[in-house]
Amino acid sequence: MNTTPIVRFRELLAQAEQLGIQAHNAFALATTGKELQPAARMVLLKDVDEQGLVFYTNLQSRKGRQLTDNPRASACFWWPQLQRQVRIEGRVEQVSDQEADKYFVSRPRGSQIAAWA
Ligand SMILES: Cc1cc2nc3c(=O)[nH]c(=O)nc-3n(C[C@H](O)[C@H](O)[C@H](O)COP(=O)(O)O)c2cc1C
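Quick notes on the rules
Residues numbered from 1 in each chain as written. Predicted model: local features only at pLDDT ≥ 70, side-chain atom pairs only at ≥ 80, totals over all residues. Near = placed C-beta within 6 Å. Nonpolar A, V, L, I, M, F, W, Y, C, P; charged D, E, K, R; others polar. Helix = DSSP H or I, 4+ residues; strand = E, 2+ residues; numbered from the N terminus. pLDDT = per-residue confidence, 0-100. Contact = placed C-beta atoms within 7 Å. Expected span 1.5 Å × (residues − 1). Core = buried A, V, L, I, M, F, W, Y, C linked by C-beta atoms within 7 Å. Buried ≥ 20, exposed ≤ 12 C-beta atoms within 10 Å, placed from the backbone. Pairing = 2+ DSSP bridges. Axes fitted to C-alpha atoms, helices over the stretch in contact; angles between N-to-C directions.

(A) Structural detail: the site of the ligand. The local shell around the ligand holds 14 residues, among which Arg41, Thr57, Ser61, Arg62 and Lys63 are the closest. For the shell around the ligand, the class distribution of residues is 9 nonpolar, 2 polar and 3 charged.

And the structure:
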């Protein structure tokens, strides 16, 4: 198929949204710190483009500290109605301050989420 993995991913994500799959943008994010013990938790996808996936979290959280120590992570989406899982591995970089600030002011009141992409 003549398409990039990101384009294909966006197609599946759009299908999942159209089907009304609950939390279709939620994914398991696995990180390790210096001790190399993998830790996984759910986060929400906030954007996706050719640069990669964007999610937000508090830099002082466990995952934030682990990503500072080791910026490699793994993501896994599962859309049961599509009978698909998508697994993504790669480097995590902090989004620009401008992008993070934009998200910070738009976030729901009470959220402590900050910035990683
Ligand atoms: C469906 C779902 C979505 C979540 N989305 C986020 C998110 O986008 N960012 C975030 O920091 N935590 C999110 N959380 C909370 C994390 O799973 C986790 O409990 C929290 O961030 C602390 O993780 P840590 O101690 O490994 O850093 C979400 C939890 C659930 C169940």
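(B) Representation of unusual backbone geometry. One non-glycine residue, alanine 23, lies in positive phi territory at about 50°. In this fold, alanine 23 is placed in the loop between α1 (5-18) and β1 (26-31).

(C) Summary view of the confidence of the model for the protein. Here the protein shows a mean pLDDT of 89. Residues at 70 or above account for 89%. At the low end of the mean pLDDT range in the protein sits helix α3 (residues 97-106), at 82; at the high end sits β1, at 98. Here residues 110-117 is a poorly scored stretch, pLDDT under 50, and it has 29 contacts once near neighbours within four places are set aside; other chains count.

(D) How the structure looks around α1. The end-to-end C-alpha distance of α1, which contains 14 residues, comes to 20 Å, matching closely the 20 Å that a straight helix rising 1.5 Å per residue would cover. Once α1 finishes, glycine 20 follows within two positions and takes phi at roughly 75°, a positive value.

(E) Representation of the nonpolar core in the model. Formed by Phe27, Leu29, Leu53, Phe55, Tyr56, Leu67, Ala73, Ala75, Phe77 and Val92, the largest nonpolar core amounts to 10 residues. Only β1 and β5 (72-79) provide two or more residues apiece to this core. Looking at which element gives the most residues to this core, the answer is β5, with 3 residues.

(F) Looking closely at the environment of isoleucine 6. On the secondary structure map, isoleucine 6 appears in helix α1. On the neighbour-count criterion, isoleucine 6 (15 C-beta atoms within 10 Å) is partly exposed. Taking C-alpha positions, isoleucine 6 is 6.4 Å from glutamate 50, a pair spaced 44 residues apart along the chain. Those residues in contact with isoleucine 6 that sit more than four places away from it in its chain are Val48 and Glu50.

(G) Region of interest: the pairing of β5. With 4 bridges joining them, β1 and β5 adopt antiparallel strand pairing. Its bridge partner lying in β5, threonine 31 is registered against alanine 73. Here β5 folds back onto strand β6 (residues 84-91), and the loop between the two strands holds 4 residues, one of which, glutamine 83, carries a positive phi near 55°.

(H) Representation of the sheet that holds β6. In space, the 4 strands of this open sheet follow the order β2-β1-β5-β6, with antiparallel pairing throughout. A single partner strand is all that each edge strand has here, and the edge strands are β2 (39-44) and β6. With strand direction ignored, the average angle separating the axes of adjacent strands in the sheet is 25°. Strand direction decides the pairing type here: β5 and β6, joined by 8 bridges, are antiparallel. For phenylalanine 77, the partnering residue across the bridge sits in β6 and is valine 86. Sitting on the sheet, helix α2 (residues 62-69) is in contact with β1, β2 and β5, with an inclination near 50° to β1.

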